[in-house]
Amino acid sequence: ELELSGALLNLPAMMIITFLATLLSFGVRESARFNDTAVALKLGVLTTFVMYGIYYSQSHSDEFHDNIDPFIPPNTGVYGQYGISGIFRGAGAIFFAYVGFDSVCSMAAECKNPNRDLPRGLFATLVICTILYILV
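Quantities reported herein were computed from a predicted structural model and do not represent experimental measurements. What you see as residue numbers is a count from 1 along each chain, following the sequence as written. Only residues with pLDDT of 70 or above have their local features reported here, since the model is predicted, and side-chain atom pairs are shown and tallied only from 80 upward, although totals for entire chains, interfaces and linings are computed over all residues. Note that water and hydrogens are dropped before the side-chain values are worked out from all heavy atoms of the structure.

K.L.:
Can you lay out the overall build of the protein for me, pointing to particular residues and giving the numbers?
P.N.:
What the protein contains, in helices and strands, is five helices and zero strands. Elements are defined by DSSP. Helices are runs of H or I of four residues or more, strands are runs of E of two residues or more, and each kind is numbered from the N terminus. Traced from its N-terminal end to its C-terminal end, the protein shows the element sequence α-α-α-α-α. Atoms counted for the radius of gyration: C-alpha only. Globule rule: 2.2 Å times residue count to the power 0.38. For 136 residues, the compact-globule formula gives about 14 Å, and the C-alpha radius of gyration of the protein, at 21 Å, lies well above that figure. On the principal axes, the C-alpha backbone points of the protein span a range of 55 × 50 × 30 Å.

And the structure:
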């Protein structure tokens, strides 16, 4: 059922769209610079998260080992909650995350040498994202 919030306008959404439209109006170079900054921020957050996880696993080894035993918890009786069905549910989510990489190909017009740069970029992106998925 749809519930109305009582607001006439979704102000945060309007501000984000206005910001992105303004950014795009400045040109591809500025948009790419903003995108690079956003990616660097995301990688920094993920790296911090992974490093804290490594620190936690080393400094609280008893708690850490208690949390991963059993490695595959038994199913709760609901499809997708733990057990093998939960593993397949997570694998499906990761599969759909990888489907979005075809959007990289839409940037071919902006590459200086697309025959060389696109395959390298796609491969590097897949490798980096796979490593991050495994680490997280």
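Structure's up, so let's keep going.
K.L.:
Describe a negative patch on the surface, naming the residues involved and giving the relevant values.
P.N.:
Any residue with relative accessible area above 30% and no salt bridge may belong to a patch, with like charges joined within 9 Å and the nonpolar Val, Leu, Ile, Met, Phe, Trp and Tyr side chains within 5 Å. Only the protein chains shown count as covering a residue, and every accessible area follows the Shrake-Rupley method with a 1.4 Å probe. Here, a salt bridge means any side-chain nitrogen of Lys or Arg that lies within 4 Å of a carboxyl oxygen of Asp or Glu. In this tally, Lys and Arg are treated as positive and Asp and Glu as negative; His is ignored, and so are the chain termini. Note on charges: their place is set at NZ of Lys, CZ of Arg, CG of Asp or CD of Glu. On the surface, a cluster of negative charge is made up of D62, E63, D66 and D69. If you trace the backbone, E63 turns up in helix 3 (residues 61–67).

K.L.:
Describe in detail the pattern of salt bridges, supporting the description with residues and values.
P.N.:
Applying the stated rule across the entire model yields one salt bridge. The partner of R116 in a salt bridge is D117, with the nearest N and O atoms 2.9 Å apart. What makes D117 partly exposed here is its relative accessible area of 23%. A 1.4 Å probe rolled over the protein chains alone gives each residue an accessible area, and that area as a share of the maximum for its type sets the label: buried under 20%, exposed over 50%, partly exposed in between.

K.L.:
How would you sum up the packing of helix 1 (residues 11–26) against helix 2 (residues 28–59)? Please name residues and give values.
P.N.:
Lines fitted to C-alpha atoms define the axes here, with helix axes fitted over just the stretch in contact, and angles between the N-to-C directions of these axes take values from 0 to 180 degrees. Taken N-terminus to C-terminus, the directions of helix 1 and helix 2 make an angle of 130 degrees; their axes are 5 Å apart at the nearest point. Compared by their axis directions, helix 1 and helix 2 come out oblique. For the pair helix 1 and helix 2, the contacting residues are F19, L23, L24 and F26 in the first and E30, S31 and F34 in the second. In the scheme used here, Gly and all other residues not listed as nonpolar or charged are polar, with Ala, Val, Leu, Ile, Met, Phe, Trp, Tyr, Cys and Pro taken as nonpolar and Asp, Glu, Lys and Arg as charged. Residue composition of the contact of helix 1 with helix 2, by class: five nonpolar, one polar and one charged. Here is the rule for angles: anything less than 35 degrees is roughly parallel, anything more than 145 is roughly antiparallel, 65 through 115 is roughly perpendicular, and the remaining ranges are oblique. Whether two residues touch is decided by their heavy atoms; if any such pair falls within 4.5 Å, the residues are in contact.

K.L.:
I'd love a proper account of the packing of aromatic side chains, names of residues and values included.
P.N.:
Think of it this way: a Phe, Tyr or Trp ring, Trp meaning its six-membered ring, pairs with another when their centres are within 6.5 Å, and the plane angle makes it stacked under 30 degrees, edge-to-face over 60, tilted otherwise. Across all of its chains, the model carries three aromatic pairs by this definition. Consider the rings of F19 and F34, whose centres lie 5.4 Å apart with planes at 70 degrees: the pair is edge-to-face. Placement of the pair is F19 in helix 1 and F34 in helix 2, with a sequence separation of 15 residues. With a relative accessible area of 36%, F34 lands in the partly exposed category. Ring-pair connections join several aromatic residues into one group, and the members of that group are Y52, Y55 and Y56.

K.L.:
Go over unusual backbone geometry, please, and point to the residues and values.
P.N.:
Here Y82, not a glycine, exhibits a phi torsion of approximately 70 degrees, which is positive. Along the chain, Y82 falls in the loop between helix 3 and helix 4 (83–99).

K.L.:
Break down a nonpolar patch on the surface for me, with residues and values.
P.N.:
Where nonpolar side chains cluster on the molecular surface, the patch consists of I68, F71, I72, Y79, I84, I87 and F88 and spans about 810 Å² of accessible area. The topology assignment puts I87 in helix 4.

K.L.:
Which residues make up the confidence of the model for the protein, and what are the values?
P.N.:
Interpretation of the predicted coordinates at a detailed level should be avoided for regions scoring low in pLDDT. Of all residues in the protein, 92% have pLDDT values of 70 or greater, and the mean over the chain is 82. Model confidence for the protein, summarised as mean pLDDT per element, is weakest for helix 4 at 80 and strongest for helix 1 at 89. pLDDT gives the predictor's per-residue confidence on a scale running from 0 to 100.

K.L.:
Break down the side chain of S57 for me, with residues and values.
P.N.:
On the secondary structure map, S57 appears in helix 2. We classify S57 as buried; its relative accessible area is 13%. There is a polar contact of 2.8 Å between the side chain of S57 and the backbone oxygen of I54. Definition of a polar contact: a pair of N or O atoms within 3.5 Å, with one able to donate and the other able to accept a hydrogen when the atoms are protein atoms, and with sequence-neighbouring residues admitted only if both atoms are side-chain atoms.

K.L.:
Kindly report on helix 2, identifying the contributing residues and their values.
P.N.:
Every helix has an expected span of 1.5 Å times one less than the residues it contains. Over its 32 residues, helix 2 extends 46 Å from the first C-alpha to the last, a length consistent with the 46 Å expected when each residue adds 1.5 Å. Of the residues making up helix 2, those classed as buried are S31, V50 and S57. Elements that come into contact with the buried residues of helix 2 comprise helix 1, helix 3 and helix 5 (114–135).

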